[in-house]
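# Structural characterization, general
In case you want the letters, here they are:
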Amino acid sequence: MTAADTIRAYYEAFNAGDMEAFLALLTDDVVHDINQGERQVGKAAFARFMEHMNRCYREELTDMVVMTSADGRRGAAEFIVNGEYLVTDEGLPEANGQKYVLPAGAFFELRDGKVARISNYYNLPDWIRQVGG
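These remarks concern the structure in this document. (Residues numbered from 1 in each chain as written. Predicted model: local features only at pLDDT ≥ 70, side-chain atom pairs only at ≥ 80, totals over all residues. Heavy atoms only, no water.)

## Structural notes on the overall build of the chain
So the rule is basically this: The way it works is that DSSP assigns letters per residue, a run of H or I at least four long becomes a helix, a run of E at least two long becomes a strand, and they are numbered from the N terminus. Both definitions apply: the radius of gyration is a C-alpha atom measure, and the globule rule equals 2.2 Å times residues to the power 0.38. The criterion used for residue contact is that any of the two residues' heavy atoms lie within 4.5 Å.
Within the chain one finds four helices and six strands. When the helices and strands of the chain are listed from N to C terminus, the series reads α-α-β-β-α-β-β-β-β-α. Against the compact-globule benchmark of 14 Å for 133 residues, the chain has a radius of gyration of 15 Å, which places it among compact chains. With the C-alpha coordinates aligned to their principal axes, the bounding extent of the chain is approximately 45 × 30 × 25 Å. Across the chain, the fraction of contacts at a sequence separation of at least 24, relative to all contacts at a separation of at least 6, is 55%.

Next up, the structure:
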């Protein structure tokens, strides 16, 4: 599997809501840089983060463009997040099923056919404006 294939499989599993397949694409020591937040390390921390996200948000990613370095060790993806805000997330506006559409991107480090680092980026003030905050 190429680096681009790994990144595409990662997002296909995300869109399908298949957390088992999604987490299987991560190294045990995966580094996760949360947009405008902290750095978390490890697959267990990533799984907890996804449990929280799946409780608060329903999202589908579309218009995916994947790019990778020639050596296959790094990659990036640009996409559109089509979401629904389900449950109020701490420190954010109150949820009541608001829909949002948000351009986003991610940077990857890949190792042995798995994601070793993912850094996500999107415009949080734009998201807050869209959900009425």
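Having seen it, we continue.
## Here we look at unusual backbone geometry
Trans peptide bonds make up the majority, and among non-glycine residues the majority have a negative phi. Threshold: Here the term buried applies to any residue with accessible area under 20% of the maximum for its type, exposed to any over 50%, and partly exposed to those in between, with areas from a 1.4 Å probe on protein chains only.
A positive phi angle, near 55 degrees, is found at Asp63, a position not held by glycine. Tracing the backbone shows Asp63 in strand E3 (residues 57–68). Positive phi, normally seen in glycine, also occurs at Asp112, with a value near 55 degrees. Tracing the backbone through its elements, the reader meets Asp112 in the loop between strand E5 (99–111) and strand E6 (114–122). For Asp112, a relative accessible area of 76% corresponds to the exposed category.

## Remarks on the packing of aromatic side chains
Put simply, the rule is: Aromatic rings from Phe, Tyr and Trp, taking only the six-membered ring of Trp, are treated as a pair when their centres fall within 6.5 Å; an angle between ring planes under 30 degrees marks them as stacked, one over 60 as edge-to-face, and anything in between as tilted.
Here the structure, examined in full by the defined rule, presents 13 aromatic pairs. Centroid distance Phe14 to Phe22: 6.0 Å. Interplanar angle 50 degrees. Geometry classified as tilted. Residues Phe14 and Phe22 agree in their burial class; the two are buried. Note on Tyr85 and Trp127: the rings are 4.9 Å apart at their centroids and 75 degrees apart in plane angle, and the pair reads as edge-to-face. One end of the pair, Tyr85, is in strand E4 (residues 74–85); the other, Trp127, is in helix H4 (residues 124–130), and 42 residues separate them in sequence. A relative accessible area of 0% places Tyr85 in the buried class. Judged by relative accessible area, Trp127 falls into the buried class, the value being 4%.

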